[in-house]
Amino acid sequence: LRHAAGAIAPTDPDVLAAIGCVLGRQGKFRGALAYFERAFDRDPRSLDLTLSLGDTYRLVRDYDSARRYIERAIAIDPNYWWSYTIFAEVALESEGNIEEATRIVEEAATRMDPALVILPSMVLSRALAPTWGERLRGAAAALPVRLAWLDRQRRVGPDDPLVGARWPLRAG
């Protein structure tokens, strides 16, 4: 795949990123990073590439590089939930810093739709809940947020741009 794709479009950032994704899926994270970096050099404003780099650096435990790319991703789009999710994971994995992860989730809450804050919050629930029973109680506590979102969607309709763009699941 690498050779065929590289021969067809050796400098296309989408092709380079796709090769990086395949290598990442195979667990070849250092190889994936090389392709993501080459793609990023050609398209430094790409949110997807920036997050791919941040998340892959997290996987190889280069937390300083991961933070640098995730902060850049947040600068590109401060409302994208996945950036905060990876950022909270870095805080927890690098130093076990629950306070920093909490701060990140709280920052996400000020920038994101309230219904989406549940996604980065799940990182905290994993770290704070040592048993499945506690995790289930945490999920049950988050249920009212999801139900409020579904109620809003029901009231304004699925074609409302805010509802349709921010939550992929449709009610009823």
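Residues numbered from 1 in each chain as written. Predicted model: local features only at pLDDT ≥ 70, side-chain atom pairs only at ≥ 80, totals over all residues. Heavy atoms only, no water.

**A closer look at the packing of aromatic side chains**
Enumeration according to the criterion identifies four aromatic pairs in this entry. Each ring, one from Tyr80 and one from Trp81, has its centre 6.2 Å from the other, and the planes form 55 degrees; the classification is tilted. Looking at Tyr80, the relative accessible area reads 27%, which means it is partly exposed. Classification of Trp81 by relative accessible area gives partly exposed; the value is 25%. Joined through ring pairs, the aromatic side chains of Phe40, Tyr57 and Tyr69 make up one cluster. (Phe/Tyr/Trp six-rings, centres within 6.5 Å; stacked < 30°, edge-to-face > 60°. Buried < 20%, exposed > 50% of the residue type's maximum accessible area, 1.4 Å probe, protein only.)

**Some remarks on the confidence of the model for the protein**
Residues of the protein with pLDDT of at least 70 account for 60%, and the chain-wide mean is 75. The least confident element of the protein, judged by mean pLDDT, is helix H10 (residues 161–166) at 45; the most confident is helix H5 (residues 63–76) at 96. Per-residue pLDDT stays below 50 along residues 161–172; that stretch engages in 24 contacts with residues further than four places along the chain or on separate chains. (pLDDT = per-residue confidence, 0-100. Helix = DSSP H or I, 4+ residues; strand = E, 2+ residues; numbered from the N terminus. Contact = heavy atoms within 4.5 Å.)

**Some points on the nonpolar core**
With 34 residues, the main nonpolar core has Leu49, Leu53, Tyr57, Ile70, Tyr84, Val90 and Ile104 as its most contacted residues. Of all the secondary structure elements, the ones that give two or more residues to this core are helix H2 (13–25), helix H3 (29–42), helix H4 (47–59), H5, helix H6 (81–95) and helix H7 (98–111). Here this core gets seven residues from one element, more than from any other, and that element is H6. Ignoring sequence-local partners within four residues, the contact set of Ile70 consists of Gly54, Ser83, Ile86, Phe87 and Val90. (Core = buried A, V, L, I, M, F, W, Y, C linked by side-chain atoms within 4.5 Å.)

**Considering the side chain of Ser46**
Here Ser46 shows up in the loop between H3 and H4. From its side chain, Ser46 meets the backbone nitrogen of Leu49 in a polar contact 3.1 Å long. (Polar contact = N/O pair within 3.5 Å; in protein donor to acceptor, adjacent residues only side chain to side chain.)

**Remarks on the layout of surface pockets**
When its volume is computed, the largest pocket comes out at roughly 310 Å³. Cys21, Phe36, Ser52, Asp55 and Thr56 are, among the 16 residues lining the largest pocket, the residues nearest its centre. Elements supplying a minimum of two residues to the lining of the largest pocket: H2, H3, H4 and H6. Per-element tally for the lining of the largest pocket: the top contributor is H4, with six residues. Of the residues belonging to the lining of the largest pocket, the class tally is nine nonpolar, four polar and three charged. (1 Å grid on protein atoms, 1.4 Å probe; cavity = no way out; pocket = protein on both sides within 12 Å on 5 of 7 lines; lining within 4 Å. Points joined across faces, edges and corners; volume = space filled by probe spheres on them. Nonpolar A, V, L, I, M, F, W, Y, C, P; charged D, E, K, R; others polar.)

**Focus on H2**
Along its 13 residues, H2 runs 18 Å from first to last C-alpha, staying within 8% of the 18 Å computed at 1.5 Å per residue. For H2, the full list of buried residues reads Pro13, Leu16, Ala17, Ile19, Gly20 and Leu23. Projected onto a plane normal to the axis of H2, the buried residues spread over an arc of 160 degrees and lie on a single side. Structural note: H2 exposes Asp14 and Arg25 on the side pointing more than 90 degrees away from its buried face. A side-chain oxygen of the first residue of H2 lies 2.8 Å from the backbone nitrogen of Asp14; this N-cap is Asp12. Following H2 by one or two positions, Gly27 has its phi on the positive side, about 80 degrees. (Expected span 1.5 Å × (residues − 1). Arc of directions from axis to C-beta.)

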